[in-house]
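Read off the chains here:
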Amino acid sequence: MKCLAIFGLIVAIFAAIVGYGYLVFTDLTRPLPKPDYKDDTYWGRGDGKNYVPDTKIYDFHLDVPQAEIDDLRQQLNRTLKLADPLDGIAFEYGFNTNALQQFVDYWRDKYLTKWRQREEYFNSMKQYTTEIQGLKIHFIHERVEEEVAAKKHVVPLLLLHGWPGSVREFYDFIPMLRKDTNISDYSFEVVAPSLVGFGWSEAAPRPGFNAAEMATVMRNLMLRLGHKKFLVQGGDWGSIIGSNLATLYPDNVLGYHSNMCVLHTPLAILKAIYTHYYPEKVLVSRMFYDHHVGIWDKFKELVEESGYFHIQATKPDTIGAALDSSPVGLAGYILEKFQTCTGPALRQDFGAMVTVYGLEAVLDNVMVYYLNSAATTAGRFYAENTAKAYRDLQLDRVQTPVPMGCARFRNDLPPASEWQLRDKFINIKHNMYFQHGGHFAAMEMPSMLYSDFTTFVKKIGLHDE
């Protein structure tokens, strides 16, 4: 009887543990309701009590004073105090200082001498500013020409960049979206904003401006421009912001397309581990196993390459002060990310980055950060999105009915599979894998991104919108 009692107690304890574990698992993996979210928070300076919104839209034309360019040239002309790379080391320790010296020489002696041409290139896109929730927002706004609109179905598109990118990423992509092409029945009225605190958009002056707030501002910008319904496309932070926008404001989003498809819920992580061990039970084609298999190696690489994330999520003002006050430091910090994103086979060769993106393109992007002293304000976005207020929203666990499309480029961050994404995006219309390309797809492979995006739009069917 005593043994039977002990056995019964053990069974009871085991059942309690299993039951409790089941309850915890269920609680951590169940979808959450959409939170109520304030869509008009004032983010300008002061308390906003006497705030009168300025709803006007102003032309924006980049015109950097020559004195500012001359000062930059003087800074780049100083003797660089750079340590020599270690023997046999290319970019394993960060951005190679020999390559950085070459870059600075070109920046000073070639690029800045033709700055007015680069400025003209920046101004080749129609750009504006307007005030949203107390903040001055800069945006590209390229409409469809009348003769193209007569033949195509025109749809408004919100195009979102990330860090350390800018609207400069889209200068080859946007013309493809607007032109008269036989590839697609659609043409797109493109709105590509500088994110708040990035580029020429004003930064929030107090804490709390996270990806949900950014999504709200971007949505309100589109409403300001007369678009109650629109498409969203984004990578990097643009992907997170786009996901938040589709989650919080599904009635405004016709479709959401991402070229950085990630999901970090507890259930998604468990599914990623399962896929690593049993890919044949989850993935349709063996061709794409390498996107999902090898999760532990991918995690190791992610840890190695995400030091910047930890710095900016904890002490953004420290690194920001160093970068905003040193154009060479800023260039090294940003270029290291572009170099890494060329893919593992090309990371050892500085010329590879130039071939993949173009030297003028990456320099243009560095200039966006330099001219706006944006290293600090853009870096703070990481801190806001790891803060408790944003984490508590748990928007990755809030489902959205918005049609979703995913493009996975081989050298981007480890993506979520369709099986994972369906926990959040219950209306996935398009899944695609590419065995080439990386994180900055709009800059590196604009034609491929265009083809994938228009394929997604065709699948969701918008002719009746």
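Please read these numbers as outputs of a predicted model, since none were measured by experiment. (Residues numbered from 1 in each chain as written. Predicted model: local features only at pLDDT ≥ 70, side-chain atom pairs only at ≥ 80, totals over all residues. Heavy atoms only, no water.)

**Quick notes on the nonpolar core**
Soluble globular proteins: nonpolar side chains tend toward being buried together. Of all hydrophobic cores here, the largest spans 132 residues; its most connected members are Trp-107, Phe-188, Leu-231 and Ile-241. The leading source of residues in this core is helix α15 (residues 359-372), at 10 residues. Excluding residues that lie within four positions of it along the chain, Phe-188 makes contacts with Glu-142, Val-144, Val-155, Leu-157, Leu-177, Arg-178, Leu-231, Phe-453, Thr-454 and Val-457. (Core = buried A, V, L, I, M, F, W, Y, C linked by side-chain atoms within 4.5 Å. Buried < 20%, exposed > 50% of the residue type's maximum accessible area, 1.4 Å probe, protein only. Helix = DSSP H or I, 4+ residues; strand = E, 2+ residues; numbered from the N terminus. Contact = heavy atoms within 4.5 Å.)

**A word on the UniProt feature "active site" (unreviewed entry) in the protein**
According to UniProt, the feature "active site" (unreviewed entry) maps to Asp-236, Tyr-382 and His-439 in the numbering used here. Checked against the lining of the largest cavity, the annotated residues just named reduce to Asp-236 and His-439. Looking at where Asp-236 falls in the secondary structure, it is placed in the loop between β6 (230-234) and α8 (237-248). Not counting residues up to four positions away in its chain, the partners in contact with Asp-236 are Gly-162, Trp-163, Met-260 and His-439. Looking at the secondary structure, you find Tyr-382 in helix α16 (residues 375-385). Overall, Tyr-382 belongs to the buried group, its relative accessible area being 2%. (UniProt positions renumbered as here; feature names shortened; annotations may be inferred. 1 Å grid on protein atoms, 1.4 Å probe; cavity = no way out; pocket = protein on both sides within 12 Å on 5 of 7 lines; lining within 4 Å.)

**So, the pattern of salt bridges**
A side chain of one charge can pair with a side chain of the opposite charge if their charged atoms are brought near each other. Within the structure shown, the criterion is met by 18 salt bridges. Residue Asp-39 is joined to Arg-219 by a salt bridge in which the shortest nitrogen-to-oxygen separation is 3.3 Å. Linking Asp-39 in the loop between α1 (2-29) and β1 (57-60) with Arg-219 in helix α7 (residues 211-224), this pair joins segments that are 180 residues apart in sequence. Relative accessible area serves as the criterion here: at 32%, Asp-39 is assigned to the partly exposed category. Between Asp-109 and Arg-108 there is a salt bridge, with its nearest N and O atoms 2.8 Å apart. Via salt bridges that share partners, Asp-63, Arg-116 and Glu-119 belong to a single interconnected network. (Salt bridge = Lys/Arg side-chain N within 4 Å of Asp/Glu carboxyl O.)

**Thoughts on empty space enclosed by the protein**
Under the criterion given, the structure shown has 3 cavities of 30 Å³ or more. By volume, the largest cavity is sized at about 90 Å³. If you go around the largest cavity, you meet 15 residues; those closest to its centre are Glu-169, Phe-170, Gly-235, Asn-259 and His-439. For the lining of the largest cavity, the secondary structure elements donating two or more residues are β6 and α19 (441-444). Taken together, the residues that form the lining of the largest cavity break down as 6 nonpolar, 7 polar and 2 charged. By residue number, the principal contributor to the lining of the second largest cavity is helix α13 (residues 327-340), which donates 3 residues. Looking at the lining of the second largest cavity residue by residue, the classes come out as 7 nonpolar, 1 polar and no charged. (Points joined across faces, edges and corners; volume = space filled by probe spheres on them. Nonpolar A, V, L, I, M, F, W, Y, C, P; charged D, E, K, R; others polar.)

**Some remarks on the sheet that holds β6**
With mixed pairing, the 9 strands of this open sheet are ordered in space as β1-β2-β3-β5-β4-β6-β7-β8-β9. The open sheet has two edge strands with one neighbour each: β1 and β9 (428-434). Neighbour-to-neighbour, the strand axes of this sheet turn through a mean angle of 25°, independent of strand direction. Looking at chain direction, strand β2 (residues 127-132) and strand β3 (residues 135-142) are connected through 6 bridges and run antiparallel. Directly across from Ile-132, in β3, lies its bridge partner Leu-135. Lying on the sheet, α7 is in contact with β1, β2, β3, β4 (153-160), β5 (186-193) and β6; it crosses β2 at an angle near 110°. Where α8 meets the sheet, it contacts β4, β6 and β7 (253-258), and its direction lies at approximately 155° from that of β7. (Pairing = 2+ DSSP bridges. Axes fitted to C-alpha atoms, helices over the stretch in contact; angles between N-to-C directions.)

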